[in-house]
Amino acid sequence: MQKEYKINKPVIVKSTTYRKRPKPKYSFNYTKLFWIFFIGCFLGVVFETVYCLAMRHHYENRVGVLYGPFNPVYGFGAVLLTLSLKWLSDKRDLWIFLGSALIGGAFEYLCSLCQEYAFGTVSWEYSHTQFNFHGRTNVLYAFFWGLLGLLWVKEIYPRLSSLIDHIPKNISRWLTVILSLFMFFNMLVSVMALERQSRRRLGVQPTNPISEFLDRHYTDEYLKEIYPNMMVVSES
């Protein structure tokens, strides 16, 4: 009796593998957050300088500290957006945009309020614009914060995070320490110089070697060159 053999037809399995953009890793430590802050400080100055050249057709100093092309407002803003928007990173672009607009506008408002309270000055004033909030921010700039946050989450941060992760650990460790100390003393001296300037406006004479040093090296004329947009609240 002849045996019958059943031949199984080969099964063709179609590939269902799709190439997706890798999601950014939202694992943070001091090194990662510091580099986000540091690079944000620098990119903020570049952004404002280009914006001023394009819109006003002249150069303006847009730094926020006495030494170097850095603006801590953008540095802290970058850290704030990164930490806050990690929960929205996999959501629709609209939610990322709205979250960025709300966070950025509130942050800008708070920075202006703190500067006025601490030094009696403001570095931006939007009372002449429509839909402003006590002159500290407005809907237009909240819109810009929304676009910036969306660009940050979708494009800038993933690349920046990958770049930071590829820095050799030994180099990253020492650079982080050195630059952290530099930025700490840079911001400290800047704050002390501005605080001393606010006291000079009130007619307070120097009472110790530190205040004498600040009066001698950080005069009103010098600070005006560093912060050309800073306005005394009582005169604005």
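All of these numbers come straight from a predicted model, not from anything done at the bench.

Turning to unusual backbone geometry, a few remarks are in order. You will see that H57, though not glycine, has its phi angle at about 60 degrees, which is positive. The phi torsion at H134 lies on the positive side, around 55 degrees, for a residue other than glycine. Considering the arrangement of structural elements, one finds H134 in the loop between β2 (132–133) and β3 (137–138). Classification of H134 by relative accessible area gives exposed; the value is 66%.

Let us look at the packing of helix α2 (residues 72–85) against helix α3 (residues 93–119). Between α2 and α3, whose axes approach to 10 Å, the crossing angle comes to 140 degrees. As the angle between them shows, α2 and α3 are arranged oblique. Considering the relative orientation of α2 and α3, their crossing is right-handed. Of the residues in α3, those touching α2 at V73, F76, G77, L80, L81, S84 and L85 are I96, G99, S100, I103, F107 and C111. When grouped by side-chain class, the residues that make up the contact of α2 with α3 number 9 nonpolar, 4 polar and no charged.

Before going further, it helps to examine α2. The terminal C-alpha atoms of α2, which comprises 14 residues, lie 19 Å apart, in line with the 20 Å expected from a rise of 1.5 Å per residue. Along α2, the positions that sit buried rather than exposed are P72, Y74, G75, G77, A78, V79, L81, T82 and L85. Of the residues that open α2, the one with a side-chain oxygen 3.0 Å from the backbone nitrogen of V73 is N71.

Criteria and thresholds
Residues numbered from 1 in each chain as written. Predicted model: local features only at pLDDT ≥ 70, side-chain atom pairs only at ≥ 80, totals over all residues. Heavy atoms only, no water. Helix = DSSP H or I, 4+ residues; strand = E, 2+ residues; numbered from the N terminus. Buried < 20%, exposed > 50% of the residue type's maximum accessible area, 1.4 Å probe, protein only. Axes fitted to C-alpha atoms, helices over the stretch in contact; angles between N-to-C directions. Parallel < 35°, antiparallel > 145°, perpendicular 65-115°, else oblique. Left-handed = near helix turned anticlockwise from the far one by under 90°. Contact = heavy atoms within 4.5 Å. Nonpolar A, V, L, I, M, F, W, Y, C, P; charged D, E, K, R; others polar. Expected span 1.5 Å × (residues − 1). Polar contact = N/O pair within 3.5 Å; in protein donor to acceptor, adjacent residues only side chain to side chain.

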